[in-house]
Amino acid sequence: MSVRDELIRQIPNLRAFAVSLCGNAERADDLVQEALMKAWASIDMFEAGTNMRAWLFTILRNVYYSDFRKKRREVEDADGKLAANLATHPEQLGHLDMVDFREALTKLAPDQREALILVGASGFSYDEAAEICGCAVGTVKSRVNRARTRLADLLALQSGSEYGPDHYSRSVVDARKG
C-alpha cells in the first residue's frame, strides 16, 4: 500500500480522534486537514515500516494542543476597541532619550557617575559598590543619590528619587509609614 493510500485510509480514524479532542465536527475537520497537510509536508521524515497511524495521531494531537495554547493567549476584539487603545511609541524617541541620557551622564562628577553605574546599571549592591570603589557604604549611597538628583535636573525630570534599583524598596517603606 502506498503512503498516499495509507494517509487516506486513516482519515476517518483521525476525524474521530479530532472530534473526541475538540467536541466540534467543523473544528475536527479543520484539525484533520491541518494534520494531513503537516504530515504530507514532512512525509520524508516518516520511517517506512513504522506505525503510520500513530504518527498521524501524534501530529493531530500536537496541532490541537498548539492551537489550544495559541487561542488561550488571544483576546477577542470583534469591534476593535482593544486594538484602538494599543499604541507604540516611535523608536526614534527612545534613541533620542538615550542620547540625552548619555550626554547628561558625562556631565556628572566621575565619582558620582561611577557609583551610579555600579549600583544602577551593573546591579551591584551598595556594599559591593563600596568595596569596588574602596570607600564607605554611606559614601556610595550619597554619590548615587547626588548623581540621580543631578541627572534629574539635567534631564528636566521631576525627581531623581523616582529612578533607580531601590525605588521599589523605598515605595514599600513609604507605604508602610503612611
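Look above for the structure.
An account of the accompanying structure is given in this report. Not measured: the values here are computed from a predicted model.

Before going further, it helps to examine the overall build of the protein chain. Along its length, the protein chain carries nine helices and zero strands. Along the protein chain, helices and strands appear, N-terminal first, in the series α-α-α-α-α-α-α-α-α. Evaluated residue by residue, the protein chain yields a buried proportion of 24% over its 178 residues. Counting only contacts in the protein chain whose residues sit at least 6 apart along the sequence, the fraction spanning at least 24 positions is 48%.

Let us look at the packing of helix α6 (residues 110-121) against helix α8 (residues 137-154). Running from N to C, α6 and α8 cross one another at 100°; their axes reach a closest spacing of 8 Å. Our classification of the angle between α6 and α8 gives roughly perpendicular. Packed against α6, whose contacting residues are D111, Q112, A115, L116 and V119, the element α8 presents V140, R143, V144, R146, A147, R148 and L151 at the interface. The class makeup of the residues in the contact of α6 with α8 is seven nonpolar, one polar and four charged.

Let us now look at the nonpolar core. One finds L14, W55, L56 and L60 to be the most contacted residues of the largest nonpolar core, which totals 18 residues. Elements supplying a minimum of two residues to this core: α1 (3-22), α2 (25-41) and α3 (52-73). The element best represented in this core is α3, accounting for eight residues. Aside from chain neighbours lying at most four places away, what touches L14 is V32, L36, L56, F57 and L60. A104, A115, V144 and L151 belong to the second largest nonpolar core, which has 14 residues in total.

In total, this model carries six salt bridges according to the counting rule given. Between D5 and R4 there is a salt bridge, and its shortest N-O distance comes to 3.8 Å. Between E6 and R9 there is a salt bridge, with the nearest N and O atoms lying 3.2 Å from each other. Placement of both E6 and R9 in helix α1 is noted, with a separation of three residues, approximately one turn of the helix. Its relative accessible area of 14% is what places E6 among the buried residues.

The next thing to look at is the packing of aromatic side chains. Counting across every chain of the model gives four aromatic pairs. Seen from their ring centres, F17 and F57 are 4.8 Å apart, and the 25° between their planes marks the pair as stacked. Remark: F57 occurs in helix α3 and F17 occurs in helix α1; sequence separation between them is 40 residues. In this structure F17 comes out as partly exposed when scored by relative accessible area, which is 22%.

Cut-off values and rules
- Along every chain, residues carry numbers that run from 1 in the direction the sequence is written.
- Thresholds applied to this predicted model are a pLDDT of at least 70 for local features of residues and 80 or more for the giving and counting of side-chain atom pairs; totals over whole chains, interfaces and linings are not thresholded and use all residues.
- No hydrogens and no water enter the side-chain calculation; it runs on all heavy atoms of the structure.
- Numbering of helices and strands starts at the N terminus; helices are DSSP runs of H or I of at least 4 residues and strands are runs of E of at least 2.
- Residue burial is assigned from relative accessible area. The probe radius is 1.4 Å, only protein chains are included, and a residue is buried under 20% of its type maximum, exposed over 50%, and partly exposed in between.
- Working rule for contacts: check all heavy atoms of both residues, and any pair within 4.5 Å makes them a contact.
- With axes taken as lines fitted to C-alpha atoms, and helix axes fitted only over the stretch in contact, angles between N-to-C directions fall between 0 and 180 degrees.
- Roughly parallel refers to an angle under 35 degrees, roughly antiparallel to one over 145, roughly perpendicular to one between 65 and 115, and oblique to any angle outside these ranges.
- Asp, Glu, Lys and Arg are counted as charged, while Ala, Val, Leu, Ile, Met, Phe, Trp, Tyr, Cys and Pro are counted as nonpolar; the rest, among them Gly, fall into the polar class.
- Take the buried Ala, Val, Leu, Ile, Met, Phe, Trp, Tyr and Cys residues and link them wherever side-chain atoms come within 4.5 Å; each set so joined is a nonpolar core.
- Any Lys or Arg side-chain nitrogen found within 4 Å of a carboxyl oxygen on Asp or Glu counts as a salt bridge.
- Pairing of aromatic rings covers Phe, Tyr and Trp, the last through its six-membered ring, and needs centres within 6.5 Å; plane angles under 30 degrees mean stacked, over 60 mean edge-to-face, and all others mean tilted.

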